[in-house]
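Spelled out, the chains give:
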Amino acid sequence: QVQIAESGGGLVQPGESLRLSCTISGTFSKLDAMAWRRQVPGKERELVARISSDDTTYYPDSVKGRFTISRADAKNTVFLHMNSLKPEDTAVYYCSAERVEIKPDWVLDAWGHGTPVTVSS
């Protein structure tokens, strides 16, 4: 099985920056992508950044130009660099790994437990 561990959340003021980290551990042969989503109470989980195995990235308009997803050299760790943070970025941020191949006939999505980010003055 695999595990996802996130870190880096916290309280920051509007306009400041924060970097979240996500590491996937366990035994697997490959995965399709890693992504960050966020969720506030009463709303659906929202995709904020995704990086595919070929390093293609995606961002929704709400964070484009402010958030950047990147990999560490080991490729089992991804970062979410968040700049110019706004109060509306306040949420619990979840990291996920998509289509993780444990065995050719065992493919799953893995999720972390989330790390809270609060943007407030």
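Our subject is the structure that appears above.
Here is what the cut-offs are and how they apply
- Residues numbered from 1 in each chain as written.
- Predicted model: local features only at pLDDT ≥ 70, side-chain atom pairs only at ≥ 80, totals over all residues.
- Heavy atoms only, no water.
- Salt bridge = Lys/Arg side-chain N within 4 Å of Asp/Glu carboxyl O.
- Helix = DSSP H or I, 4+ residues; strand = E, 2+ residues; numbered from the N terminus.
- Buried < 20%, exposed > 50% of the residue type's maximum accessible area, 1.4 Å probe, protein only.
- Core = buried A, V, L, I, M, F, W, Y, C linked by side-chain atoms within 4.5 Å.
- Contact = heavy atoms within 4.5 Å.
- Pairing = 2+ DSSP bridges.
- Axes fitted to C-alpha atoms, helices over the stretch in contact; angles between N-to-C directions.

> Looking at this structure, I do not really get the pattern of salt bridges. What am I missing?
Pairs can form between side chains of opposite charge whenever their charged atoms are close. According to the stated counting rule, one finds eight salt bridges in the structure shown. The partner of D32 in a salt bridge is R99, and the shortest N-O contact between them spans 3.4 Å. With D32 in the loop between β3 (18–26) and β4 (33–39) and R99 in strand β9 (residues 91–103), this residue pair connects regions lying 67 residues apart in the sequence. Since its relative accessible area comes to 48%, R99 is described here as partly exposed. The salt bridge partner of K64 is D61, with a shortest N-O separation of 3.4 Å. The pair K64 / D61 is uniform in exposure class, with both members exposed. Overlapping salt bridges, with partners in common, bring together R38, E46, R66 and D89 in one network.

> Whenever I open this one, the nonpolar core confuses me. Can you help?
Here is a general trend for soluble globular proteins: nonpolar side chains tend to be buried in one another's company. Membership of the largest hydrophobic core comes to 32 residues, with the highest contact counts inside it found for I24, M34, W36, L80, M82, Y93 and V100. Per-element tally for this core: the top contributor is β9, with six residues. In contact with I24, not counting residues within four places along its chain, are V2, Q3, I4, L31, M34, N76, A97 and V100.

> Is there a simple way to think about the sheet that holds strand β7 (residues 67–71) in this case?
To summarise the sheet geometry, strands pair through backbone hydrogen bonds and adopt either a parallel or an antiparallel arrangement. One open sheet holds the four strands; their spatial order is β1-β3-β8-β7, and the pairing between them is antiparallel. Two strands bound the open sheet, and with one partner strand each, they are β1 (2–7) and β7. Each adjacent strand pair in this sheet contributes to an overall mean axis angle of 15°, direction not counted.

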